[in-house]
Amino acid sequence: MDNATHLREDLKSYYNHSERYIAEMQSHDDAYFDDQLDWVAENLLRLVGAEGRLLDLGCGGGSSTKAFAARLPGYHCTGLDISEPAIDLATRRFAAANLAYRAGDCLDLPWADGSLEAVISRDMIEHIPDVGRALAEMDRVLAPGGVIMIRSPHHRSPLFALQDLLRLRANYPFTKSWAGNLPRLIELSADFVAKLFAREPRFRYRTPDLSDSVVVGLDADAVYEVSSLDLTTFFRNRGYTVHNVGATYGTSAASRLVPRLVPYFASIGLVVQKPAANG
Ligand SMILES: C[S@@+](CC[C@H](N)C(=O)[O-])C[C@H]1O[C@@H](n2cnc3c(N)ncnc32)[C@H](O)[C@@H]1O
């Protein structure tokens, strides 16, 4: 087995066996997904229409998929996650005529080409060891005119590195001490400029900590360092229209202003649309 295959197997094993992680995902309830629900529903109704097939990638505890199914009755909504125990729990907890759950890997999606109108993921892309392949899979299963919406933290934003530096705090798991933020800010700024001019995405990976020794949710298990520029470059190269880049997290004035003023530095709130068949 080569290193990439080992890493993929280790991550799969972690998401299938970490009881803490699976329990944490089950605790993400309706309130947790509240803001995402409006965002997804409004964009889908505007860009795609009232009917279709929606895939919620990396659905974890399944609450998000259940909420989409209730909010978008014209959509058949499927939640997919690599964690079989998480999918078993979701299937036992939630049921609706337009709702399904399925265990599977976003690197090998069990759907035919062009068979879905919407692919949604929240806080999943940073856990994927081969992002180019995951994005290519999303593109493959999406129908012409369909929409992909990705929400995630933005690990490679120089703005957040600057914020951490000014606050003198460590940026776990990317820097283990506040002093590490200065070299990181310099490296991220240079990489941001390089990404701006790059023709292809410059995906950057890290070694995840799968020991389960830190608080779940701090991204110790993140393997891809998410960048809005990687994602937009990937989809623009495939002819997609980029409708939105930055997300609002929280209710502070800054969290509302940053995505509007400097969307490429904000948290990720990507909305991209595949060209129509005749487009
Ligand atoms: C941080 S959790 C987010 C879960 C959920 N979206 C939420 O916000 O509560 C990341 C999820 O991605 C899933 N995941 C990781 N790698 C995956 C893969 N290759 N294919 C599908 N799901 C994956 C994990 O099992 C986990 O449920």
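This text gives an overview of the structure that appears in the document. Every chain begins its residue count from 1, and numbering advances along the sequence as written. Only residues with pLDDT of 70 or above have their local features reported here, since the model is predicted, and side-chain atom pairs are shown and tallied only from 80 upward, although totals for entire chains, interfaces and linings are computed over all residues.

With their axes 10 Å apart at the nearest point, helix 3 (residues 30-47) and helix 4 (residues 63-71) run at an angle of 45° to one another. One element, helix 3, and the other, helix 4, form an angle in the oblique class. For helix 3 against helix 4, the interelement crossing comes out right-handed. Between helix 3, through D30, Y32, F33, Q36, L37, V40 and A41, and helix 4, the contact on the second element is made entirely by S63, S64, A67, F68 and R71. Each residue belonging to the contact of helix 3 with helix 4 can be placed in one class, and the counts come to seven nonpolar, three polar and two charged. Inter-axis angles, ranging from 0 to 180 degrees, are taken between N-to-C directions of lines fitted to C-alpha atoms, where helices are fitted over the stretch in contact. Only runs of H or I of at least four residues qualify as helices and only runs of E of at least two qualify as strands under DSSP, and these elements are numbered from the N terminus. The cut-offs work like this: below 35 degrees is roughly parallel, past 145 is roughly antiparallel, 65 to 115 is roughly perpendicular, and the gaps in between are oblique. Working rule for handedness: look at the near helix, and if it is turned counterclockwise from the far one by less than a right angle, call the crossing left-handed; if clockwise, right-handed. We call two residues in contact when their backbone-placed C-beta atoms lie within 7 Å. Throughout this entry, Asp, Glu, Lys and Arg are counted as charged residues, while Ala, Val, Leu, Ile, Met, Phe, Trp, Tyr, Cys and Pro are counted as nonpolar. The remaining residues, Gly among them, count as polar.

Let us now look at the site of the ligand. In the vicinity of the ligand lie 21 residues, with Y15, H28, G58, G60 and C106 positioned nearest. In terms of residue class, the shell around the ligand is made up of 10 nonpolar, seven polar and four charged. The C-beta atom of each residue is placed using the backbone, and any residue whose C-beta lies within 6 Å of a molecule or strand is treated as near it.

The interhelical angle for the contact between helix 7 (residues 158-166) and helix 8 (residues 181-197), taken along N-to-C directions, is 165°, at an axis separation of 9 Å. It follows that helix 7 is roughly antiparallel to helix 8 by the angle criterion. The two elements helix 7 and helix 8 meet at a crossing, and its hand is left-handed. Contact residues: P158, A161, L162, D164 and L165 in helix 7; N181, L182, R184, L185, L188, S189 and F192 in helix 8. Counted by class, the contact of helix 7 with helix 8 contains eight nonpolar, two polar and two charged residues.

Quick look at the nonpolar core now. Formed by 58 residues in total, the largest nonpolar core has its most connected members in L54 and V119. For this core, the element with the highest residue contribution is strand 5 (residues 142-152), accounting for five residues. Residue contacts for L54: discarding those within four places in its chain leaves F68, L72, Y75, C77, L116, E117, A118 and I120. Linking buried Ala, Val, Leu, Ile, Met, Phe, Trp, Tyr and Cys residues through C-beta atoms within 7 Å yields a set, and such a set is a nonpolar core. Exposure classification rests on a simple neighbour count of other C-beta atoms within 10 Å of a residue's own: a residue reaching 20 or more is buried, one at 12 or fewer is exposed, and one in between is partly exposed. C-beta atoms are placed from the backbone.

Moving on, we get to helix 9 (residues 228-237). With respect to burial, helix 9 is a largely interior element, seven of its 10 residues being buried. Contacts from the buried residues of helix 9 go to helix 6 (131-141), strand 5, helix 8, strand 6 (241-247) and strand 7 (267-273). Downstream of helix 9 by a residue or two, G239 has a phi angle that is positive, lying close to 85°.

Further remarks concern the sheet that holds strand 7. In this analysis, strands are considered paired if DSSP registers two or more bridges between them. The strand order across the open sheet built from seven strands is 3-2-1-4-5-7-6, with neighbouring strands paired in mixed fashion. Of all the strands in the sheet, the pair left with one neighbour each is strand 3 (99-103) and strand 6. Across the sheet, the mean angle separating the axes of adjacent strands is 15° when strand polarity is ignored. Summarising the sheet, strand 1 (residues 52-57) and strand 2 (residues 75-81) pair through six bridges and their orientation is parallel. Across the sheet, L57 pairs through a bridge with L80, a residue of strand 2. On the sheet, helix 9 packs against strand 5, strand 6 and strand 7 and is oriented at approximately 170° with respect to strand 6.

With that settled, consider the environment of V223. As for its placement among the helices and strands, V223 is situated in the loop between helix 8 and helix 9. With 16 residues separating them along the chain, V223 and T207 place their C-alpha atoms 5.9 Å apart. Those residues within four positions of V223 in sequence are excluded, and the remaining contacts are L11, H127, I128, P129, Y205, R206 and P208.

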